[in-house]
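So the chains spell out like this:
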Amino acid sequence: MKKIIFYFDPTVKKMLTEKVMENGEKKVVLSSPYNFVYLSEIVARVIDIDSDEQIPTRLDPGYDYYRVLDFKVIKADSGIYYDEQLNAYKAAEYGFVVLDGQRLKLISALSVSKDKLKAYYSIYPTKLGKVPTYADIEETLHKNAIMARVEQATVEEQLQTIDPANPRFVRILVAQGREPVNGHDEYYLPLINLSKKAGEIKSDGSIDFKEVGSIIEVKKGQDVLRRVPKVKPADGYDIFGDKTFAEMSPVEGYYKGLNIEPGLGDDNIFLSSIDGCIDIDGKKISVIPTAVISGDVNYDTGNIDFDGSVHILGSVVSGFSVKARGDIIIEKNVDDAFIEAGGDITVKMGVVGKENVKLVAGGKVVAKYLLNAKVEAAGDIIVDDSIINCDVFSNSRISVVARQGKIIGGKSTALYEIVVNVSGSINETETQLNVGRNLFIEKELADIHKEISKWRQIVDETMRKLKVNFGDSVFDNPKEFIAKLPNFKKKNCLMLLKELSSGNKELKTHMERSKEVQDKLRLEREPCIIIKNKAYPGTIISIRKSIKRIESMIDNVKYYEDPEEKIIRFSPAV
């Protein structure tokens, strides 16, 4: 009887496939690691056997992966040819082989972006450990009439990162065109920060809410605008060498308004002719005595970046950012936005995120509720109603204060304490509650340890060079050793010893710094987690390095770490 041995997965029809991850995210992944083949590698063979037991004896040497199907007539299509001498189907070039009906064909490893400005080459080591060379890639580019190729050294540098012993799927850039540069008419750019603050900080640190607008002060003679001269458009080209035409872009800047005059010494710099403040009317910038901001942070106001405190009478809508060195008070909502304050952040209503919302505070964060948000606070995080599917960190305390206040899903981390009425849900949503961790210090330590690793490698490599070139005796008495060396070797030995000394000095500095930072991890008081009402299964309690998963619902509980046994224990909360 006849069978066909396929040295690839014949069920796969395309190189990449869409996969839904555990978190629901859709990701494009390699459909099969067995279907990449190199030039002249066997992809299939027709065999004539008496029984299936004979199949292993008919396999080609080195081809460990195979699939056997009943015989049917197959044809060699693009990229595949039939070797009559070996009676086998082979690959004519590097690519991804598939069985399309009764046709064996090769999907090219080359892919071109929709705008034809870039080309990529998909690579995964074949079953025989083969990967394409630069010459293979160049031949494919030539065959496809691609002109704007990436430099050979750059391609080869990308190829060197591929290790057949540790195969992984990569796409390397092999061709790149030049985007057209659009021109534009004359416009003006502001030379001062156009952010507007709401309110005024009083001597006691509070905000005077009678000031409903924000003023950007400007002094007479202060630089206000820079003129951007007209730019002519410049055409580009795609990877096939075809021209891509540039256009005249709409003006993205501003126009000059009232009380702004040319400066001295630079024709493109314009100054304020009076003492006053900035007024923006559409695209026109003027200097007038006063300007007021009210309502939402949106396209009318732009992003806010201010040295003082900010009071927003409306909401912060999706896509915008508010940055302040002082406090930020938002009367309504925060959508998918970025909020950063040197002091406190107060959101009178809620924070709702999709994927980009983040709050960073040098002080505390206060909000009615948090949903799908990332929050970092050096002070407390105080929420009225709920924290749902969030990643929040307080370098002090997290509390959800309402009677039915709850934390559901996500990860909540505090240095000392988390207090909440309900954790998790009846559906056993995984909810992580962590205390006893300082993420700021942990990040600083991680950065220091990277430096330690880097300098340790440098020291080890310098030691290796010294041993290879001069032997171990160079370390016994370096001065005497160098004195005996010929002059042409002394310079190299001295240079390596100097590098070794410098590297050891850097290594010692970072190790001492690591110890100093580790000392900051010591806590002033014992951390704990208090759940006043219900803790549902799925809640994960973490105190320092100890972890406990709640398997059954429990009421009114306080979790703490036993100082001697270093395990999590609990007692009634009240």
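Scroll up for the structure.
Residues numbered from 1 in each chain as written. Predicted model: local features only at pLDDT ≥ 70, side-chain atom pairs only at ≥ 80, totals over all residues. Heavy atoms only, no water.

A.B. asks: Would you mind going over the overall build of the protein with me for this structure?
C.D. replies: A count of helical and extended segments in the protein gives five helices and 49 strands. Taken over the C-alpha trace, the protein has a radius of gyration of 33 Å; the compact-globule value for 574 residues is 25 Å, which it surpasses by more than 25%. In terms of principal-axis extent, the alpha carbons of the protein reach across some 95 × 75 × 75 Å. Each of the 574 residues in the protein was classed as buried or not, and the buried ones make up 41%. Residue pairs in contact within the protein that sit at least 24 positions apart in sequence constitute 49% of those at least 6 positions apart. (Helix = DSSP H or I, 4+ residues; strand = E, 2+ residues; numbered from the N terminus. Rg over C-alpha atoms; globule rule 2.2 N^0.38 Å. Buried < 20%, exposed > 50% of the residue type's maximum accessible area, 1.4 Å probe, protein only. Contact = heavy atoms within 4.5 Å.)

A.B. asks: Would you explain the sheet that holds strand β16 (residues 187-190) in this entry?
C.D. replies: Within a sheet, neighbouring strands are paired by backbone hydrogen bonds and run either parallel or antiparallel to one another. Sheet architecture is open: four strands sit in the order β16-β20-β26-β25, paired in antiparallel fashion. Of all the strands in the sheet, the pair left with one neighbour each is β16 and β25 (260-262). Taken over all neighbouring pairs, the strand axes of this sheet differ in orientation by 35 degrees on average, direction set aside. (Pairing = 2+ DSSP bridges. Axes fitted to C-alpha atoms, helices over the stretch in contact; angles between N-to-C directions.)

A.B. asks: Explanation requested: the pattern of salt bridges in the structure shown.
C.D. replies: It is possible for side chains of opposite charge to pair when their charged atoms get near one another. Scanning all chains against the criterion turns up 20 salt bridges. As a salt-bridge pair, K368 and D385 come within 3.5 Å of each other at their nearest N and O atoms. Pair noted here: K368 is in strand β36 (residues 365-371) and D385 is in strand β38 (residues 381-388), with a separation of 17 residues, a long-range link. For D385, a relative accessible area of 27% corresponds to the partly exposed category. The salt bridge involving E417 is made with R397; its shortest N-O contact spans 2.4 Å. Taken together, the positions of E417 in strand β43 (residues 417-423) and R397 in strand β40 (residues 397-400) put the pair 20 residues apart, joining distant regions of the chain. Residue classification places E417 among the buried positions, given a relative accessible area of 18%. Given the relative accessible area of 27%, R397 is considered partly exposed. (Salt bridge = Lys/Arg side-chain N within 4 Å of Asp/Glu carboxyl O.)

A.B. asks: Can you walk me through helix α1 (residues 134-143) in this structure?
C.D. replies: Since there are 3.6 residues in each turn of an α-helix, residues three or four apart along the chain are aligned in direction. Buried residues of α1: Y134, D136, I137, T140 and L141, and no others. Looking straight down α1, one finds that the buried residues subtend no more than 160 degrees of arc, so they occupy a single side. In α1, the exposed residues that point more than 90 degrees away from the buried face are E139, H142 and K143. Against β11 (103-108), β12 (110-112), β13 (118-123), α2 (152-159) and β14 (170-176) lie the buried residues of α1. A positive backbone phi angle near 60 degrees is found at A145, which sits one or two residues after α1. (Arc of directions from axis to C-beta.)

A.B. asks: Sorry, what's going on with the pairing of strand β47 (residues 546-549) here?
C.D. replies: The side chains of a regular strand alternate between both faces of the sheet. In terms of strand pairing, strand β46 (residues 539-543) meets β47 through four bridges, oriented antiparallel. Bridge pairing in β47 links S542 to I547. With antiparallel pairing between neighbouring strands as the criterion, β46 and β47 make up a hairpin whose turn holds two residues, including R544 at a positive phi of roughly 55 degrees.

A.B. asks: Would you mind showing me how to read the side chain of D562 here?
C.D. replies: Relative to the elements of secondary structure, D562 occurs in the loop between β48 (554-561) and β49 (568-572). At a separation of 2.9 Å, a polar atom in the side chain of D562 contacts the main-chain amide nitrogen of E564. Reaching out from D562, the side chain makes a polar contact with the side chain of R569 at a distance of 2.8 Å. (Polar contact = N/O pair within 3.5 Å; in protein donor to acceptor, adjacent residues only side chain to side chain.)

A.B. asks: Quick question: what am I supposed to make of unusual backbone geometry here?
C.D. replies: Not every positive phi belongs to a glycine, and K116 is a case in point at roughly 65 degrees. Mapped onto the elements, K116 comes out in the loop between β12 and β13.

A.B. asks: How should the sheet that holds β12 be read in this particular structure?
C.D. replies: Strands sit in the order β12-β13-β14 across an open sheet of three strands; the sheet is antiparallel. Edge strands, defined here as strands with exactly one partner in the open sheet, are β12 and β14. Direction aside, neighbouring strands of the sheet carry axes that sit 30 degrees apart on average. Packed on one face of the sheet, α1 meets β12, β13 and β14 and runs near 50 degrees to β14. Its contacts with the sheet put α2 on β13 and β14, and the angle it makes with β14 is roughly 175 degrees.

A.B. asks: Mind showing me how you'd approach the environment of L191 here?
C.D. replies: Structurally, L191 can be placed in the loop between β16 and β17 (200-201). Taking relative accessible area as the criterion, L191 reaches 37% and is therefore assigned partly exposed. Considering only alpha carbons, one finds L191 and V224, 33 residues apart in sequence, at a separation of 5.0 Å. Once residues lying within four places of it in the same chain are set aside, the contact partners of L191 are D223, V224, L225, R226 and I269.

A.B. asks: What is the right way to look at the environment of H510 in this model?
C.D. replies: Here H510 lies in helix α5 (residues 487-519). Taking the C-alpha atoms as reference points, H510 and I448, separated by 62 residues in sequence, lie 6.5 Å from one another. Look past the residues within four positions of H510 in its chain and what remains in contact with it is I448, E451, I452 and W455.

Don't take any of this as a statement about function, it's just geometry.
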